[in-house]
Amino acid sequence: LATLLPLPGTPFNTCGNPSRILMDANTDVYATCRGAMNSNGVCKHDRFGAVLWCRDFNPQCTSFRGIVMDGSGRFFVGCSSVPGIVYELNPATGATINQLSITHYIYGMAVDGQRIYITPGWTGGITAIDLATFTIDYSIDTSIMATPPSPLPGGYGITVDQTGTVFTTVSNVIQEHDGSDGSVTNMYTVTPPIGSTWVGMYGIQAGVDGFIYASDAANKR
């Protein structure tokens with residue numbers, strides 16, 4: 001990042017079918033994996049790929065997606081099951097510090113100084129966990145099949161900005177949520193480009209510049 005030049009290196013193996021990754025302040029790389037049925041579900045590597053630790057959660061969890069680390073270095077991963085399980089792991093060893101079951105499948109996770117925010121994917125919904133107590137603050141479970149333009153809490157991608165406002169993606173909609181209760185405070189409908197008939201808003205990220213960036217997987221945008 002200092003030189004904006006490529007870092008020499010080669011791809012390295014991690015747990016099966018890696019789904020989400022993050023890098024900490026020490027440039028160590030963490031991965032959560034969907035293919036954890038018969039192997040490790042969460043691994044930590046140095047930036048060159050050397051394994052620092054891996055965790056096998058079988059049979060309690062056989063698939064992981066969500067992964068976040070807060071500003072103090074607390075590390076959380078999400079088991080993609082019903083009910084879902086949120087684990088707080090020791091980033092140095094991978095040992096479980098806390099775990100909490102939530103009602104829905106875990107797809108996306110975001111974190112700020114107060115809460116972990118979790119979405120279940122296409123079924124719609126959003127759950128928040130209080131970081132201080134590691135208990136559920138609120139949980140909204142709404143079917144994605146609700147009639148537009150009704151707000152559909154939660155969805156596929158999720159991010160939280162520096163003010164504690166949460167943004168999620170659902171099909172052709174980007175939603176803005178009040179982080180304190182998950183309620184939808186604004187909706188932005190994304191129209192397809194000429195020649196296309198649908199929009200698939202997937203990834204979303206709050207930038208430090210105050211803008212929200214989102215990807216339309218259906219239209220390469």
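Look a little higher up for the structure.
Residues numbered from 1 in each chain as written. Predicted model: local features only at pLDDT ≥ 70, side-chain atom pairs only at ≥ 80, totals over all residues. Heavy atoms only, no water.

Here's the deal with the sheet that holds strand E11 (residues 126–130)
Stated precisely, the cut-off is as follows: When DSSP finds at least two bridges between two strands, those strands are taken to pair. Only DSSP runs of H or I with at least four residues qualify as helices, and only runs of E with at least two residues qualify as strands; both kinds are numbered from the N terminus onward. Lines fitted to C-alpha atoms define the axes, with helix axes restricted to the stretch in contact, and inter-axis angles between N-to-C directions lie between 0 and 180 degrees.
With respect to topology, four strands assemble into an open sheet ordered E9-E10-E11-E12, the strand pairing being antiparallel. Looking at which strands have only one partner, the edges of the open sheet turn out to be strand E9 (108–111) and strand E12 (135–140). The mean angle between the axes of side-by-side strands here comes to 20°, regardless of whether they run parallel or antiparallel. Note that strand E10 (residues 115–119) and E11 share four bridges and pair antiparallel. Looking at the pairing, tyrosine 117 lines up with alanine 128 of E11.

Quick notes on the packing of aromatic side chains
Aromatic ring pairs are reported here in terms of the distance separating the ring centres and the angle at which the planes meet. Going by this rule: Each aromatic pair joins two rings of Phe, Tyr and Trp (for Trp, the six-membered one) with centres within 6.5 Å, and gets the label stacked for planes under 30 degrees apart, edge-to-face for over 60, and tilted for any other angle. Only protein chains enter the accessibility calculation, which uses a 1.4 Å probe; a residue whose area is less than 20% of its type maximum is buried, one above 50% is exposed, and one in between is partly exposed. Sitting over a ring, as applied to charges here, requires NZ of Lys or CZ of Arg to be within 6 Å of the ring centre and within 35 degrees of the ring normal.
Considering all chains together, one arrives at 10 aromatic pairs under this definition. On the numbers, 4.8 Å between centres and 55° between planes, the contact of phenylalanine 57 with phenylalanine 64 is tilted. There is no split in this pair, since phenylalanine 57 and phenylalanine 64 are both buried. Measuring from ring centre to ring centre gives 6.2 Å for tyrosine 105 and tyrosine 107, while their planes differ by 35°; the resulting arrangement is tilted. Through pairs of rings, three or more aromatic residues link up here, namely Tyr105, Tyr107, Tyr156 and Tyr202. Its end group placed over the ring of phenylalanine 57, arginine 55 keeps NZ or CZ at 4.0 Å from the ring centre.

A closer look at unusual backbone geometry
Excluding glycine, a negative phi dihedral is what most residues carry, and trans is how most peptide bonds are arranged. Note the cis peptide between asparagine 58 and proline 59, where omega equals 0°. Looking at where proline 59 falls in the secondary structure, it is placed in the loop between strand E4 (51–55) and strand E5 (64–69). Unusually for a residue other than glycine, serine 171 sits at a positive phi of about 55°. Given a relative accessible area of 33%, serine 171 falls into the partly exposed group. For lysine 220, which is not glycine, the phi torsion reads 55° and is therefore positive. Considering the arrangement of structural elements, one finds lysine 220 in the segment after strand E18 (212–216). Looking at lysine 220, the relative accessible area reads 84%, which means it is exposed.

Remarks on the side chain of aspartate 28
What counts here: Residue contacts follow a heavy-atom distance rule, with two residues in contact if any of their heavy atoms lie within 4.5 Å.
Within the secondary structure, aspartate 28 is located in the loop between strand E1 (18–23) and strand E2 (29–33). Among the residues examined, aspartate 28 registers a relative accessible area of 13% and is labelled buried. Ignoring any residue separated from it by four or fewer positions in sequence, one finds aspartate 28 in contact with Leu22, Met23, Lys44, His45, Asp46 and Leu52.

Describing the pattern of salt bridges
Using the following cut-off: Think of a salt bridge as a Lys or Arg side-chain nitrogen and an Asp or Glu carboxyl oxygen that are within 4 Å of each other.
Going through the model one piece at a time under the given rule, you end up with four salt bridges. The shortest N-O distance in the salt bridge between aspartate 28 and lysine 44 comes to 3.8 Å. With aspartate 28 in the loop between E1 and E2 and lysine 44 in strand E3 (residues 42–45), the pair connects residues that are 16 residues apart, well separated along the chain. By relative accessible area, lysine 44 is classed as buried at 8%.

Here we look at the state of the cysteines
The condition is simple: Only a pair of cysteine sulfur atoms within 2.5 Å counts as a disulfide in this structure description.
Taken as a whole and judged by the stated rule, the model has three disulfides. Between cysteine 15 and cysteine 33 runs a disulfide, and the two sulfur atoms are separated by 2.1 Å. Linking cysteine 15 and cysteine 33, the disulfide has an S-S dihedral of approximately 75° and is accordingly described as right-handed. Separated by 18 residues along the polypeptide, cysteine 15 in the segment before E1 and cysteine 33 in strand E2 bring together distant segments of the chain. One disulfide in the model links cysteine 43 with cysteine 54; its S-S distance is 2.0 Å. As the torsion about the S-S bond is roughly 115°, the cysteine 43-cysteine 54 disulfide counts as right-handed.

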